[in-house]
Amino acid sequence: MNSGIVIKFLNILVMVVLILVIALQNKSSGLSNVFGGAGNIVQTRRGFEKWLFYATIVLGILFVGINISFLFNK
């Protein structure tokens, strides 16, 4: 199988999972936060929320790395 096809498939897979992980983190919805309303409380991430946070970082780095690899895979 062509390595370009594998990289493209992996890119799409990482992109979709990254979108899902970011969507699951949406906990501060509402217009009050947009205009600087209350809600600036810093909390410690625990459990599933902590896992989502780390997964977002790893998937973001993978996404950037895969897209940089497109530059050299021609």
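Cut-off values and rules
Residues numbered from 1 in each chain as written. Predicted model: local features only at pLDDT ≥ 70, side-chain atom pairs only at ≥ 80, totals over all residues. Heavy atoms only, no water. pLDDT = per-residue confidence, 0-100. Helix = DSSP H or I, 4+ residues; strand = E, 2+ residues; numbered from the N terminus. Expected span 1.5 Å × (residues − 1). Contact = heavy atoms within 4.5 Å. Core = buried A, V, L, I, M, F, W, Y, C linked by side-chain atoms within 4.5 Å. Buried < 20%, exposed > 50% of the residue type's maximum accessible area, 1.4 Å probe, protein only.

Colleague: Looking at this model, I keep getting lost on the confidence of the model for the chain. Mind explaining?
Modeller: Regions with low pLDDT carry predicted coordinates that are not meant to be interpreted in detail. Counting all residues, the mean pLDDT for the chain is 81, and 76% of those residues have values of 70 or more. The weakest mean pLDDT in the chain belongs to helix 2 (residues 31-34) at 52; the strongest belongs to helix 3 (residues 48-72) at 92.

Colleague: Quick question: what am I supposed to make of helix 1 (residues 3-24) here?
Modeller: An α-helix turns once every 3.6 residues. As a result, residues three or four positions apart point the same way. Spanning 22 residues, helix 1 covers 32 Å between terminal C-alpha atoms, matching the ideal 32 Å at 1.5 Å per step. Summarising the contacts, the buried residues of helix 1 are in contact with helix 3.

Colleague: Even after reading the chapter, I still don't get the nonpolar core, so can you show me in this structure?
Modeller: Note on soluble globular proteins: their nonpolar side chains tend to be buried together. Counting seven residues, the largest nonpolar core consists of Val14, Leu18, Val21, Leu52, Ala55, Leu59 and Ile66. Going through the elements one at a time, helix 1 and helix 3 are the ones with two or more residues in this core. Considering every element that reaches this core, the biggest residue donor is helix 3, with four residues. Discounting chain neighbours no more than four positions away, the residues touching Leu59 are Val14, Val17, Leu18 and Val21.

Colleague: Just checking my understanding: could you explain the environment of Ile66 for this structure?
Modeller: Here Ile66 shows up in helix 3. A relative accessible area of 8% means that Ile66 is categorised as buried. In sequence terms Ile66 and Leu10 are 56 residues apart; their C-alpha atoms lie 8.0 Å from each other. Aside from chain neighbours lying at most four places away, what touches Ile66 is Ile7, Leu10, Asn11 and Val14.

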